[in-house]
Amino acid sequence: MPRVVTRHYRDPLETVWVEVARRVGFEVRRSESCFASIDPAGIMILGAADTLDADDCLAQMIFHELCHSLVQGPEGLTLTDWGLDNETPRDVPREHATLRVQATLAGELGLRTVLAPTTDFRAFYDALGDDPLDGDPAEVALARAALARVDLPPWGPHVRAGLVATSQIANAVAPFGEATSLLSRE
(Lines give C-alpha, C1' and ligand atoms only; values in the text may rest on other atoms or scores of the structure.)
Protein backbone atom coordinates (compact mmCIF):
# COMPACT_ATOMS: atom_id res chain seq x y z
CA MET A 1 0.00 0.00 0.00
CA PRO A 2 1.50 3.39 -0.94
CA ARG A 3 2.26 5.83 1.82
CA VAL A 4 -0.04 8.85 1.97
CA VAL A 5 1.75 12.09 2.82
CA THR A 6 -0.43 14.17 5.14
CA ARG A 7 2.09 16.75 6.37
CA HIS A 8 4.84 18.85 4.84
CA TYR A 9 7.99 20.58 6.03
CA ARG A 10 8.35 24.33 5.91
CA ASP A 11 11.26 26.38 7.20
CA PRO A 12 10.31 27.64 10.69
CA LEU A 13 11.12 31.30 9.98
CA GLU A 14 9.15 31.12 6.75
CA THR A 15 6.23 29.62 8.66
CA VAL A 16 6.31 32.46 11.19
CA TRP A 17 6.58 35.33 8.72
CA VAL A 18 4.10 34.00 6.15
CA GLU A 19 1.60 33.81 9.00
CA VAL A 20 2.52 37.28 10.29
CA ALA A 21 1.91 38.64 6.79
CA ARG A 22 -1.44 36.81 6.66
CA ARG A 23 -2.50 38.25 10.00
CA VAL A 24 -1.57 41.74 8.82
CA GLY A 25 -3.66 41.13 5.69
CA PHE A 26 -1.35 39.71 3.00
CA GLU A 27 -1.12 36.43 1.18
CA VAL A 28 2.52 35.70 0.32
CA ARG A 29 3.25 34.30 -3.12
CA ARG A 30 6.62 33.50 -4.71
CA SER A 31 7.52 34.38 -8.28
CA GLU A 32 10.49 34.24 -10.63
CA SER A 33 9.18 37.39 -12.35
CA CYS A 34 9.96 39.98 -9.67
CA PHE A 35 11.93 40.59 -6.50
CA ALA A 36 9.07 42.18 -4.58
CA SER A 37 5.70 43.54 -5.59
CA ILE A 38 2.73 44.46 -3.44
CA ASP A 39 -0.78 44.26 -4.78
CA PRO A 40 -3.26 46.37 -2.79
CA ALA A 41 -5.69 43.46 -3.02
CA GLY A 42 -3.59 41.81 -0.32
CA ILE A 43 -1.00 39.90 -2.32
CA MET A 44 2.69 40.16 -1.43
CA ILE A 45 4.67 38.71 -4.33
CA LEU A 46 8.28 37.96 -3.44
CA GLY A 47 11.15 36.49 -5.41
CA ALA A 48 11.42 32.72 -5.63
CA ALA A 49 14.04 31.02 -3.49
CA ASP A 50 16.48 30.64 -6.37
CA THR A 51 16.49 34.43 -6.93
CA LEU A 52 17.93 35.08 -3.46
CA ASP A 53 21.51 35.33 -2.25
CA ALA A 54 22.88 32.74 0.17
CA ASP A 55 22.35 35.10 3.13
CA ASP A 56 18.72 35.89 2.24
CA CYS A 57 15.50 34.24 3.28
CA LEU A 58 11.78 34.75 2.84
CA ALA A 59 11.40 35.86 6.46
CA GLN A 60 13.73 38.81 5.86
CA MET A 61 11.83 39.83 2.76
CA ILE A 62 8.43 39.71 4.45
CA PHE A 63 9.72 41.63 7.46
CA HIS A 64 11.25 44.28 5.19
CA GLU A 65 8.00 44.69 3.26
CA LEU A 66 6.03 44.99 6.49
CA CYS A 67 8.46 47.69 7.63
CA HIS A 68 7.77 49.48 4.33
CA SER A 69 4.06 49.26 5.09
CA LEU A 70 4.65 50.77 8.53
CA VAL A 71 6.51 53.72 6.99
CA GLN A 72 3.84 54.24 4.34
CA GLY A 73 1.06 53.97 6.91
CA PRO A 74 -2.52 52.79 6.48
CA GLU A 75 -2.98 54.70 3.23
CA GLY A 76 -0.01 52.85 1.72
CA LEU A 77 -1.78 49.53 2.27
CA THR A 78 -4.19 50.46 -0.53
CA LEU A 79 -1.47 51.27 -3.10
CA THR A 80 0.54 49.10 -5.46
CA ASP A 81 4.04 48.63 -4.03
CA TRP A 82 3.03 50.77 -1.04
CA GLY A 83 2.94 53.74 -3.43
CA LEU A 84 6.74 53.72 -3.71
CA ASP A 85 8.85 54.34 -6.80
CA ASN A 86 12.00 52.23 -6.82
CA GLU A 87 13.03 53.26 -10.33
CA THR A 88 14.09 56.80 -9.37
CA PRO A 89 15.71 58.36 -6.27
CA ARG A 90 12.38 59.98 -5.27
CA ASP A 91 11.68 57.54 -2.42
CA VAL A 92 15.22 56.88 -1.15
CA PRO A 93 14.43 58.74 2.12
CA ARG A 94 11.46 56.38 2.63
CA GLU A 95 13.67 53.37 1.93
CA HIS A 96 16.18 54.66 4.48
CA ALA A 97 13.35 55.22 7.00
CA THR A 98 12.22 51.63 6.39
CA LEU A 99 15.72 50.36 7.08
CA ARG A 100 15.84 52.42 10.27
CA VAL A 101 12.55 50.83 11.38
CA GLN A 102 13.83 47.39 10.43
CA ALA A 103 17.08 47.87 12.37
CA THR A 104 15.26 49.29 15.38
CA LEU A 105 12.66 46.53 15.65
CA ALA A 106 15.09 43.70 14.88
CA GLY A 107 17.70 45.21 17.17
CA GLU A 108 15.36 45.11 20.15
CA LEU A 109 15.80 41.32 20.16
CA GLY A 110 19.33 41.07 18.77
CA LEU A 111 18.08 40.16 15.29
CA ARG A 112 19.67 42.88 13.16
CA THR A 113 21.79 40.36 11.27
CA VAL A 114 19.17 37.62 11.14
CA LEU A 115 16.52 39.97 9.71
CA ALA A 116 18.79 42.22 7.66
CA PRO A 117 17.46 43.52 4.35
CA THR A 118 18.07 41.69 1.10
CA THR A 119 18.11 44.83 -1.03
CA ASP A 120 20.78 46.98 -2.67
CA PHE A 121 20.40 49.27 0.35
CA ARG A 122 22.11 46.70 2.59
CA ALA A 123 25.24 48.88 2.85
CA PHE A 124 23.15 51.71 4.32
CA TYR A 125 21.57 49.29 6.83
CA ASP A 126 24.95 47.83 7.80
CA ALA A 127 26.34 51.35 8.34
CA LEU A 128 23.59 52.34 10.78
CA GLY A 129 25.03 52.80 14.25
CA ASP A 130 23.79 51.41 17.53
CA ASP A 131 20.90 53.87 17.38
CA PRO A 132 19.25 53.56 13.95
CA LEU A 133 17.16 56.63 14.81
CA ASP A 134 20.23 58.85 14.84
CA GLY A 135 20.65 60.54 11.49
CA ASP A 136 18.83 62.44 8.78
CA PRO A 137 15.91 64.27 10.46
CA ALA A 138 13.41 63.58 7.65
CA GLU A 139 14.19 59.85 7.62
CA VAL A 140 14.10 59.66 11.40
CA ALA A 141 10.72 61.43 11.52
CA LEU A 142 9.28 58.89 9.06
CA ALA A 143 10.80 56.02 11.06
CA ARG A 144 9.44 57.32 14.37
CA ALA A 145 5.95 57.67 12.88
CA ALA A 146 6.21 54.08 11.59
CA LEU A 147 7.36 52.77 14.97
CA ALA A 148 4.36 54.48 16.59
CA ARG A 149 2.12 52.28 14.36
CA VAL A 150 3.74 48.89 15.04
CA ASP A 151 1.41 48.01 17.92
CA LEU A 152 -1.71 49.25 16.12
CA PRO A 153 -3.91 47.22 13.75
CA PRO A 154 -3.28 45.75 11.30
CA TRP A 155 0.37 45.34 12.35
CA GLY A 156 -0.05 44.87 16.09
CA PRO A 157 0.47 42.53 17.79
CA HIS A 158 1.58 40.39 14.85
CA VAL A 159 4.89 41.98 13.86
CA ARG A 160 6.21 41.92 17.41
CA ALA A 161 4.98 38.32 17.87
CA GLY A 162 6.91 37.38 14.73
CA LEU A 163 10.03 39.01 16.10
CA VAL A 164 9.71 37.14 19.40
CA ALA A 165 9.22 33.82 17.58
CA THR A 166 12.21 34.59 15.34
CA SER A 167 14.34 35.30 18.40
CA GLN A 168 13.28 32.01 19.99
CA ILE A 169 14.10 30.08 16.81
CA ALA A 170 17.47 31.83 16.43
CA ASN A 171 18.31 31.17 20.08
CA ALA A 172 17.45 27.48 19.70
CA VAL A 173 19.42 27.03 16.49
CA ALA A 174 22.48 29.20 17.26
CA PRO A 175 24.36 26.57 19.32
CA PHE A 176 24.08 24.10 16.44
CA GLY A 177 25.00 26.36 13.52
CA GLU A 178 28.34 27.35 12.16
CA ALA A 179 29.59 30.91 12.57
CA THR A 180 28.57 31.86 9.04
CA SER A 181 24.95 30.77 9.56
CA LEU A 182 22.32 33.46 9.16
CA LEU A 183 20.92 32.30 12.50
CA SER A 184 24.12 32.77 14.44
CA ARG A 185 23.64 35.49 17.01
CA GLU A 186 25.23 38.93 16.90
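As shown above, the structure is provided for reference.
Below is a summary of the structure that appears in this document. (Residues numbered from 1 in each chain as written. Predicted model: local features only at pLDDT ≥ 70, side-chain atom pairs only at ≥ 80, totals over all residues. Heavy atoms only, no water.)

## Some points on the sheet that holds strand 3 (residues 43-47)
Inference 1: Taken in spatial order, the three strands make up an open sheet running 1-3-2, and their pairing is mixed. With partners counted over all chains shown, the strands left at the sheet margins are strand 1 (27-31) and strand 2 (36-39), one partner each. Ignoring which end each strand starts from, the neighbouring axes of this sheet average 20° apart.
Inference 2: In this sheet, strand 3 lies alongside strand 2 in antiparallel orientation, the contact comprising four bridges. For I38, the partnering residue across the bridge sits in strand 3 and is M44.
Inference 3: The sheet contacts of helix 2 (residues 58-76) involve strand 1, strand 2 and strand 3, and relative to strand 3 the element is tilted by about 135°. (Pairing = 2+ DSSP bridges. Helix = DSSP H or I, 4+ residues; strand = E, 2+ residues; numbered from the N terminus. Axes fitted to C-alpha atoms, helices over the stretch in contact; angles between N-to-C directions. Contact = heavy atoms within 4.5 Å.)

## With respect to the pattern of salt bridges
Inference 1: Under the criterion given, the structure shown has ten salt bridges.
Inference 2: For D151, the salt bridge is made with R160, and the minimal N-O distance between the two is 2.7 Å.
Inference 3: In this structure D151 comes out as partly exposed when scored by relative accessible area, which is 47%.
Inference 4: Sharing partners across several salt bridges, the network here consists of E19, R22 and R23. (Salt bridge = Lys/Arg side-chain N within 4 Å of Asp/Glu carboxyl O. Buried < 20%, exposed > 50% of the residue type's maximum accessible area, 1.4 Å probe, protein only.)

## Considering unusual backbone geometry
Inference 1: With an omega of 5°, the peptide bond between P153 and P154 qualifies as cis.
Inference 2: Among the secondary structure elements, P154 is positioned in the loop between helix 5 (137-149) and helix 6 (158-173).
Inference 3: One non-glycine residue, D81, adopts positive backbone phi at about 50°.
Inference 4: Here D81 lies in the loop between helix 2 and helix 3 (92-107).
Inference 5: Classification of D81 as partly exposed rests on a relative accessible area of 27%.
Inference 6: The phi angle at W82 is positive, at roughly 60°, despite the residue not being glycine.
Inference 7: Looking at where W82 falls in the secondary structure, it is placed in the loop between helix 2 and helix 3.

## Considering helix 3
Inference 1: The end-to-end C-alpha separation of helix 3 is 22 Å, in line with the 22 Å expected for 16 residues at 1.5 Å each.
Inference 2: Of all 16 residues that make up helix 3, twelve are buried, and the element is covered over most of its length.
Inference 3: Within helix 3, the full set of buried residues consists of E95, H96, A97, T98, L99, R100, V101, Q102, A103, T104, L105 and A106. (Expected span 1.5 Å × (residues − 1).)

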